[in-house]
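Each chain, letter by letter, is given below.
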Amino acid sequence: MKPGLAVEELHRSESHLTRTLLAVSDRHAADHEVFHVARDLAGWSQRHVTELARIGRDLGVELDPEPPEDPGVLERVRQATSDLFGRRPEPGLLLLADLRHVHREAAGVSLDWELLAQAAQGARERQLLELAQRCHPDTLRQMRWANAELEEAATQVLTS
Amino acid sequence: MLKAAEYVPPHELPGQEHPFQLITGRTLYQFHTRTKTARAPQLQAAAADVWVEMSASDAADRGLGEGDLLEVCTARGRVEARLRVSGIRPGVLFLPFHYGWWDSPDGQRAANELTPTDWDRVSKQPIF
């Protein structure tokens, strides 16, 4: 059944966003606000992953209910960012690149929630729709956070 | 304008190792780190050194009395202070943050060393 597909895709993108947020938090441990808030926001995605795995079971999709904790994929992102800005990236620029990355990933997750909600509505899957309505606002706030942090940091980084 | 925000659990909660919540604050007689007020003899005499406040029930449970020397520590540091039993809520300790090293180089009394660097993400208010 197709809603299962949407759940599977969302499970993948939320897991990825979790790893991204945890890695961004680790990488900017000296920036206390980024460190703490990125971890809090990763907690939301971890919760979504667990809930998606639970609802996936009812739709016949086997998904890992354990949210990711290791930044394995993120190693590659870190590499890519380093390549972009040279071997020892300026921390300010790195932060901008990381926040931009968080925003884009969260935007992808947001679209996936939109798709899931549409599928749930079409298939009259009430529980699925309720899940989307509960979780999607969290994703939108994750995006808004990345955007707001970018606004706050960008001027100084890019004009100094 | 008031905006509603959801509850977010604290990043550190009391546990086995650190059973109390610590709050820091001021006394009427001193300002910040006392670089001015400690030079006014009357103000300095009114509040000359750091103290720690604890509720009567917490002190009684531990057999502690007014004026006992306590060590207050968190994951980040420690302070030695005399106990004042006060009307504070059980489970909470209070330290004034005015006292540091400039006039007491050997003392362990800077409460600001104990608190985490963490603030509300919207208002930027420190959490301690």
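Each chain has its residues counted from 1, following the order in which its sequence is written. To label them, take the chains in the order written and letter them from A, then take the ligands in the order written and number them from 1. Confidence filtering applies because this is a predicted model: local features only for residues at pLDDT of at least 70, side-chain atom pairs given and counted only at 80 or more, and all residues used for totals across whole chains, interfaces and linings. Values reported for side chains reflect all heavy atoms of the structure, with hydrogen atoms and water molecules removed beforehand.

### Examining the environment of glutamate 66 of chain B
All names here are of chain B. Structurally, the position occupied by glutamate 66 is in the loop between helix H2 (56-61) and strand E3 (69-73). Exposed residues in this analysis have more than 50% of their type's maximum accessible area, buried residues have under 20%, and partly exposed residues fall in between, with area computed by a 1.4 Å probe over protein chains only. Assessed through its relative accessible area of 54%, glutamate 66 is described here as exposed. Sequence-wise, glutamate 66 and proline 105 are 39 residues apart; in three dimensions their C-alpha atoms are separated by 26 Å. Contacts are assigned to residue pairs with any non-hydrogen atoms lying within 4.5 Å of each other. The residues touching glutamate 66, leaving out its near neighbours within four places in the chain, are Leu83, Arg84 and Val85. Runs of H or I in DSSP of at least four residues are treated as helices and runs of E of at least two as strands, each being numbered from the N terminus.

### Overview of a nonpolar patch on the surface
Patch construction takes residues with relative accessible area above 30% that form no salt bridge. Like charges are linked within 9 Å, and nonpolar side chains (Val, Leu, Ile, Met, Phe, Trp, Tyr) are linked within 5 Å. Working definition of accessibility: Shrake-Rupley area with a 1.4 Å probe, residue cover restricted to the visible protein chains. Here, a salt bridge means any side-chain nitrogen of Lys or Arg that lies within 4 Å of a carboxyl oxygen of Asp or Glu. Taken together, the side chains of Leu28, Tyr29 and Leu43 of chain B make up a nonpolar region of the molecular surface, amounting to roughly 310 Å² of accessible area. Mapped onto the elements of the fold, leucine 43 of chain B is located in helix H1 (residues 41-46).

### Structural notes on the confidence of the model for chain B
Atom-level detail of predicted coordinates should not be read off regions where pLDDT is low. What pLDDT reports is the predictor's confidence in each residue, on a scale of 0 through 100. Scored by pLDDT, chain B comes out at a mean of 93, with 100% of its residues at no less than 70. Across the interface, the model reports ipTM at 0.72; the global pTM reads 0.80.

### Regarding the environment of leucine 150 of chain A
All names here are of chain A. Along the polypeptide, leucine 150 turns up in helix H5 (residues 126-159). Leucine 150 sits 47 residues away from histidine 103 along the chain, and the two C-alpha atoms are 9.5 Å apart. Not counting chain neighbours up to four residues away, the residues in contact with leucine 150 comprise Leu96, Leu99 and Arg100.

### Overview of the pairing of E3 of chain B
Looking down a regular strand, the side chains alternate between one sheet face and the other. Only one face of E3 of chain B is covered, namely the face carrying Leu70 and Val72 of chain B; the face carrying Leu69, Glu71 and Cys73 of chain B is uncovered. Only when DSSP finds a minimum of two bridges between them are two strands counted as paired. Counted along the chain from E3 of chain B to the antiparallel partner strand E4 (residues 78-86) of chain B, the turn is four residues long.

### Comments concerning the interface of chain A and chain B
Facing 10 residues of chain A, the contacting portion of chain B comprises eight residues. Contact between chain A and chain B buries roughly 900 Å² in total, counting both sides, with carbon and sulfur atoms accounting for 44%. A salt bridge links lysine 124 of chain B to glutamate 152 of chain A, with the shortest nitrogen-to-oxygen separation between them at 3.7 Å. Residues adjacent in sequence count toward polar contacts only when both atoms are side-chain atoms; beyond that, a polar contact is any pair of N or O atoms within 3.5 Å, and within protein one must be able to donate a hydrogen and the other to accept it. Across the chain A-chain B interface, the total number found is four residue pairs in polar contact (both at pLDDT 80 or more). Looking at the side of chain A that touches chain B, the elements with two or more residues in it are helix H2 (32-58) and H5 of chain A. Buried area adds together the accessible area that both of two parts lose upon being put together, with accessible area traced by a 1.4 Å probe.

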